[in-house]
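If you want the building blocks of each chain, they are given just below.
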Amino acid sequence: MNFDRSEQQQQQQQQQPTLEQLDGWCEQALSSASPEIRSEAERRLRYFFPTFSETLAEVSESHGFSSGQARVMAVFHTIKGPAESGKLMTWFLHQTSKVFSITYVVNRLRTLVLNHLNVMDDEHKTDLRNSLFAAIQDKFNGLPGFLVDDLTRTLALVVMFTWFDLADSKAVIDRILEMGSTSDKHEVLGLQMMRSFVEEFNKELPPKYISKQRRVVVTFRDRQLKSIFEHALRAMRSAIGDGGRDKRVLLSQALLVQRDCLGFDFIGLAPDEASDEAVAIQIPSTWKELIQVEGFLDPYFEGYAHCGAPLSSQFVEVLVLVASIRRSFYTEAVRIGFVKRMSAGIAEILAGAVGLDDVENYHHMCRLLARFRCIHTLVEIEDSAVYRTLLVAAAGFTATGLGLWEWSANSIAPLLTFWAKVAAAHDGRDSGNAEICGDVIAATLPRVVGEHLRAMVQATARVASGESLADSPLENTDALLENMGLAAGIARAAYAACGAAVLAMAREMAGEYQALLNGGQAGADAVAACEAQLAWPVYAVAACIGARQPYKAQAEDDQADAEMFAVALELDHVVRQRLQRGVGGGPSEALELAFLHLHHSFRATYIGEQGYKAAAVYTRLAALVGLRDSTQVLGLVLDKLLFNLRTWPPASPVVLRSLQLFHDLSVGYVSVRQVAKLDAVAPLLAGHSGAGADALRFLGAVDEYKPRALYYAGLARILFSAPDAAPPAFAAFMRPWARLAAELLAMPDAQLAMDHVRPGLVRLLRDLRGFLSAVSSKANYALFFGWMCAAQRMRLVHRCVEMRADAKVQIAALKFMAEFVFNRTQRLNFDVASPNGILIFREASRAMCAYGGRILDEQRRPVRDVYKERYKGVAVCFTILARLVAGKYVAIGVMPLYGDTALERAYRVAVELLKQFPVPDVIAYPKLGKATTALLEVLLAKPNIDLVPLDDAAYEHVMRVCVEAFDHAETAVSSSACGVIDGVLTAAIENEESDIASLVRARSADITTYLLRAMLNIVLFEDRPNDWSFSRPLFCLILLDTQFALQYTSQIVQYQPVERREDLIKALKDLLSSTEFVLTTTNRDRFTQALTQYRREVAAKNLILMVPTSQTLGAPVDILAYSIEDPASNIAQDEGEAAMVD
């Protein structure tokens, strides 16, 4: 086996293109609207500027299993490796002046450096680094800023990867620091380059580079980063006060460098772990001499006061980071001075509203308040005048700022965070202690809570009246709940005052609403606007109740909760009365969602498993609204939910939220039993699907399955919550469905297919499926199974599957069958003597064969939507069969022994369906691809493979599907494909006389070889998260053709640079000699472990393989015979065999 080099000679005849040609191709590759032109330009550029980072699959362009050779990538004849390619790219970089060309070549250079810089010798590395530095210096005047950044980032990557290899790499940063001595423009360039260096060193590279990167970054952090920050500090101090344009640009760059330095990842956290606003910056102690100096903060406050926007916002942004430095960084005396100066500076800005008319300044000042208080407790200054000044100024600023929601919506959360932190450290007993500002805090907390509510109410009113064009704050539910949670935390710190403020506002607004209704002139618009505003006090009550902490709560706090809850219930009652009278238009969605959130919070706090016994709340509720215990509250909640389900249209979010709350009530062990005892439950269970005035509106809709599933799953849990009463209760519950099923069964097929009948069929099937999804015990499933088998109800499912007039009915029937055969929580594990498993298999096989047979008969008929009309149903059929086999409740192996053809027909239809569909389609549709590989993994596993009727065409098709699945977006699908191949090959190896062994042997020259080459390419050239899955079939493939595996890996080594070969040979030798290739569990595990070790070694040594090219072929090598200890002994062997390569 050799790599195909048939194009090498004709490619070598191409001459080096002109500069104009290269510029034209770069422009076409990056800007052409034609995919063909872009592809052709990219192909030409890849020939002259290879990065050696393509995968073998991209180069080979395989046309199937008959393709016996892997092609090499053609490159320009002067390019022997990454060093020559890098030299040609830097030549082009210096020659061209086109933006498209520089953009393209910089991206190619970055890829080359990232993957193959380590194979270049020191001279080439130095040349590449110096060429990039010179290009930046020569071209920075005429280039856009983003290109200077890209060039500098590539230079930074070269410096990072040669940090320990080249002694003078660290000197590059010193050269950048010295650039400012030339001119102001060079000073700006130097700062811009410093910023790009800091960002690149702080950027997280892919996992295979992370080990080397962290070692370099630690050294850079400890030495060079401090120098960069110090240089930026000097540049900032020297530029402050000079209003010239160049100085402002210089000042801006200096502040950006400081921002990036302070935002550096000092302790190696991943970005998602360090995104919290409250995370302290872990600056090294060696930076104390820069920061712990007299007047360190003065230039920032001075610059903010005297420099206009946008520079002023950059000063505050740096102050935010300075305020985030860990408290332990300072000594106690220095920390007190720092906190006092920061507090005084903030208070001065807030009191004088300096620069706060700019939205960026305003937002960053809000962030500064929050971050400063999150990191520093301010205990050091609580008895000083500056603390009082800060709190008073912050209180006035907050009162104004909370009303500026339309101007800066994202600034509300930082303001509330500041006061939430202040409130968390506030002891209510100190409210009158003026020495530590207890009086200011006690007076401010209720004001903040009240002002926030009033501001939101006013913003909602302005949106409703059309005065504001902004979106309503009620539409962003996540931000609403976050801000309400912060406000509730503030309120809980001084609950007597804050709770009273919330209660007073709720009563006041409820009174205004009642007056509006009693006035008799309430128009629909006025009522809608008023109800939208009422959502805010209801959300506030819900947040306050949900923020209760049991270990802190006192009886008077619970009584306050009861009073607020009672007011909200009375408001809800008034709203319902209005709707029943038909006054003032329809209901308010925002208000109803607020009521649902209120009930959710009260249930989570005071009811069920997560609730805590609090007699005070029910004592007060009994006095106010007559609710004496949690059961009565649950009854009220259930009544509210049913009212919503009867009132609101099916597509409303209120319906879905109501059903989710109903589902939550049915999930808890305690709450479901409490709900089952409610008076409203018995009629609900008895008439769950009936029509009439009390019918739930969403049950009339056909399109949505999720609401019906939530509803009937909840009913199923309530129904089975009392096991002793389950059989009679189940019979009564199923009676409406039994009557409907009997009516449908009595209809002839033509009537059943009528337009007005089909929606009822879909609803019935979906309801049964939703109900069955919540059945988890064997006893309850047995009840449902008996009901379905009685009165020939299963025949109705089969008639639906056979209904060709409506694919929606067929899919609903098939999905019900998929749930019916699903052994969820082992509910189908019948007794040994029970025939139920066989009966279920027969029914499912019949349904699957009926649908699959129709699809096969109509395969040539054109369809409008191939997925909805064919693939969707086929995917469900595959799921049914996979669940039947994987459930292990049917002894399928004995079915052929007594002449049962259900298994044979199901397997035959599944194989025929699979053969009919194009392989790209199977993978292109995610659900079909997932169902197909899951089915194949089950069918072709060791116990079942002998029962599957595989012929040569089916075997080839299955392997094609698996190869396509290797590159599927979901890892689970590629893992399933590996499991399929492993099952097939294992069965063939273990039983050489079997039919599957004959198939494997007959196609070993093409299929087995192709699979082995494809898997070796993935393992050697790619970095996959599921190496374990690939290792299992790879072991079997190497066992079947060890010689080919050795030849192929040896030739891969031939095309690698000389600098990489020895390490690669050692790693491959350890992998291929790790175990004996005999099929045992021990040998498999050893090979898997060896592959894991190979991955670790490759990552540690950065052995990124180069794709074979037309110019990189070296001497052949025998991997297993190669001597690492005596490389000289291999030279003669290599030279003796070199003549045989071609």
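All values reported here derive from a predicted model rather than from experimental measurement.

Re the packing of aromatic side chains
Phase 1 of the analysis: Overall, the coordinates contain 49 aromatic pairs when judged by the stated rule.
Phase 2 of the analysis: The aromatic ring of Tyr 669 is capped on one face by Arg 673, whose charged end is 3.9 Å from the ring centroid.
Phase 3 of the analysis: The ring of Tyr 705 has Arg 769 sitting right over it, with the charged end atom 3.8 Å from the ring centre.

Remarks on helix α6 (residues 99-116)
Phase 1 of the analysis: For α6, spanning 18 residues, the distance from its first C-alpha to its last is 25 Å, which sits close to the expected 26 Å at 1.5 Å a residue.
Phase 2 of the analysis: Counting buried residues in α6 gives 14 out of 18 residues, a clear majority hidden from the surface.

Section: a nonpolar patch on the surface
Phase 1 of the analysis: Side chains of Val 894, Leu 897 and Tyr 898 sit close together on the surface and give an oily, nonpolar patch of about 330 Å² of accessible area.
Phase 2 of the analysis: Following the sequence through the fold, Val 894 ends up in the loop between α40 (866-887) and α41 (902-916).

Overview of the nonpolar core
Phase 1 of the analysis: Counting 400 residues, the largest nonpolar core has Phe 201, Met 342, Phe 771 and Phe 820 as the members making the most contacts within it.
Phase 2 of the analysis: If you tally residues by element for this core, the top one is helix α24 (residues 524-546), at 14 residues.
Phase 3 of the analysis: Those residues in contact with Phe 201, other than ones at most four positions away along the chain, are Ala 156, Val 159, Met 160, Trp 163, Gln 213, Val 216, Val 217, Phe 220 and Phe 264.

Looking at the confidence of the model for the chain
Phase 1 of the analysis: Mean pLDDT over the chain works out to 88, with 92% of the residues at or above the 70 mark.
Phase 2 of the analysis: In this model, residues 5-13 is a region of pLDDT below 50 whose contacts with residues beyond four sequence positions or in other chains number 14 contacts.
Phase 3 of the analysis: Residue range residues 270-278 is modelled with pLDDT below 50. Its contacts to residues more than four positions away, or to other chains, number 6 contacts.

A word on the packing of helix α44 (residues 952-965) against helix α45 (residues 971-990)
Phase 1 of the analysis: At a closest axis distance of 8 Å, the pairing of α44 and α45 adopts a crossing angle of 145°. Seen from above, α44 lies across α45 with left-handed handedness. Of the residues in α45, those touching α44 at Tyr 955, Val 958, Met 959, Cys 962 and Ala 965 are Val 973, Ser 974, Ala 977, Val 980, Ile 981 and Val 984.
Phase 2 of the analysis: Residue classes in the contact of α44 with α45 are distributed as 10 nonpolar, 1 polar and no charged.

Examining empty space enclosed by the protein
Any empty space left between atoms is shown by rolling a water-sized probe over those atoms.
Phase 1 of the analysis: Summed over all chains, the structure comprises 7 cavities of 30 Å³ or more.
Phase 2 of the analysis: Lining the largest cavity are Phe 878, Ala 910, Val 911, Leu 914, Thr 932, Leu 935, Leu 936, Leu 939, Leu 940, Val 948, Leu 950 and Val 958.
Phase 3 of the analysis: Only α41 and α43 (926-939) provide two or more residues apiece to the lining of the largest cavity.
Phase 4 of the analysis: Considering every element that reaches the lining of the largest cavity, the biggest residue donor is α43, with 4 residues.
Phase 5 of the analysis: Put simply, the second largest cavity is a space of about 70 Å³.
Phase 6 of the analysis: Lining the second largest cavity we find Phe 161, Lys 208, Tyr 209, Ile 210, Ser 211, Lys 212, Arg 215, Ala 1099, Ala 1100 and Asn 1102.
Phase 7 of the analysis: Listed by contribution, the elements that provide at least two residues to the lining of the second largest cavity are α11 (210-222) and α51 (1081-1101).
Phase 8 of the analysis: Looking at the lining of the second largest cavity, the element that brings in the most residues is α11, giving 4 residues.
Phase 9 of the analysis: Grouping the constituent residues of the lining of the second largest cavity by class yields 5 nonpolar, 2 polar and 3 charged.

Looking at helix α35 (residues 758-773)
Phase 1 of the analysis: Here α35 is 16 residues long and its end C-alpha atoms lie 23 Å apart, about the 22 Å a rise of 1.5 Å per residue gives.
Phase 2 of the analysis: Among the 16 residues in α35, 13 count as buried, and that is most of the element.

A word on the packing of helix α18 (residues 359-375) against helix α19 (residues 385-401)
Phase 1 of the analysis: Contact geometry of α18 with α19 gives a least axis separation of 12 Å together with a crossing angle of 135°. With respect to α19, the axis of α18 lies oblique. Crossing angle aside, the handedness with which α18 passes α19 is left-handed. Contacts between α18 and α19 involve Tyr 362, Cys 366, Leu 369 and Phe 372 on the former and, on the latter, Leu 390, Ala 394, Phe 397 and Gly 401.
Phase 2 of the analysis: Looking at the contact of α18 with α19 residue by residue, the class counts come to 7 nonpolar, 1 polar and no charged.

A look at the pattern of salt bridges
Phase 1 of the analysis: A full pass over the atoms with the stated rule returns 59 salt bridges.
Phase 2 of the analysis: Among the ionic pairs, Glu 1097 bridges to Lys 1066, the shortest N-O distance being 3.9 Å. Of the two residues, Glu 1097 is situated in helix α51 and Lys 1066 in helix α50 (residues 1058-1072); the sequence distance between them amounts to 31 residues.
Phase 3 of the analysis: On the basis of relative accessibility, which here comes to 32%, the residue Lys 1066 falls in the partly exposed class.
Phase 4 of the analysis: Several salt bridges share partner residues, and in doing so they unite Arg 110, Arg 153, Arg 195, Glu 199, Glu 200, Arg 259, Asp 260 and Glu 317 into one network.

Details of a negative patch on the surface
Phase 1 of the analysis: A contiguous patch of negative charge on the surface is contributed by Asp 121, Asp 122, Glu 123, Asp 127 and Glu 1059.
Phase 2 of the analysis: It is helix α7 (residues 122-139) that contributes the most residues to the negative patch, 3 residues altogether.
Phase 3 of the analysis: Structurally, the position occupied by Glu 123 is in helix α7.

Some details on the environment of Ser 1073
Phase 1 of the analysis: Along the chain, the position of Ser 1073 falls in the loop between α50 and α51.
Phase 2 of the analysis: When the C-alpha positions of Ser 1073 and Leu 1120 are compared, they lie 7.4 Å apart, and in sequence the two are 47 residues distant.
Phase 3 of the analysis: Here Lys 1069 takes part through its backbone oxygen, which lies 2.4 Å from a polar atom of the side chain of Ser 1073.

Some words on unusual backbone geometry
Phase 1 of the analysis: Residue Pro 310 follows Ala 309 across a cis peptide bond; omega there is 5°.
Phase 2 of the analysis: By the element assignment, Pro 310 lies in the loop between α15 (298-306) and α16 (311-323).
Phase 3 of the analysis: Backbone geometry places Ala 791, a non-glycine residue, at a positive phi of 55°.
Phase 4 of the analysis: With respect to the helices and strands, Ala 791 occurs in the loop between α36 (778-789) and α37 (793-801).
Phase 5 of the analysis: The phi angle at Lys 888 is positive, at roughly 60°, despite the residue not being glycine.
Phase 6 of the analysis: Following the sequence through the fold, Lys 888 ends up in the loop between α40 and α41.

Each value, and the rule that gives it
Residues numbered from 1 in each chain as written. Predicted model: local features only at pLDDT ≥ 70, side-chain atom pairs only at ≥ 80, totals over all residues. Heavy atoms only, no water. Phe/Tyr/Trp six-rings, centres within 6.5 Å; stacked < 30°, edge-to-face > 60°. Lys NZ or Arg CZ within 6 Å of the ring centre and 35° of its normal. Helix = DSSP H or I, 4+ residues; strand = E, 2+ residues; numbered from the N terminus. Expected span 1.5 Å × (residues − 1). Buried < 20%, exposed > 50% of the residue type's maximum accessible area, 1.4 Å probe, protein only. Patch = residues over 30% accessible without salt bridge, like charges linked within 9 Å, V, L, I, M, F, W, Y side chains within 5 Å. Areas by Shrake-Rupley, 256 points an atom, 1.4 Å probe, with all protein chains shown as cover. Salt bridge = Lys/Arg side-chain N within 4 Å of Asp/Glu carboxyl O. Core = buried A, V, L, I, M, F, W, Y, C linked by side-chain atoms within 4.5 Å. Contact = heavy atoms within 4.5 Å. pLDDT = per-residue confidence, 0-100. Axes fitted to C-alpha atoms, helices over the stretch in contact; angles between N-to-C directions. Left-handed = near helix turned anticlockwise from the far one by under 90°. Nonpolar A, V, L, I, M, F, W, Y, C, P; charged D, E, K, R; others polar. 1 Å grid on protein atoms, 1.4 Å probe; cavity = no way out; pocket = protein on both sides within 12 Å on 5 of 7 lines; lining within 4 Å. Points joined across faces, edges and corners; volume = space filled by probe spheres on them. Parallel < 35°, antiparallel > 145°, perpendicular 65-115°, else oblique. Lys, Arg positive; Asp, Glu negative; His and termini not counted. Charge placed at Lys NZ, Arg CZ, Asp CG, Glu CD. Polar contact = N/O pair within 3.5 Å; in protein donor to acceptor, adjacent residues only side chain to side chain.

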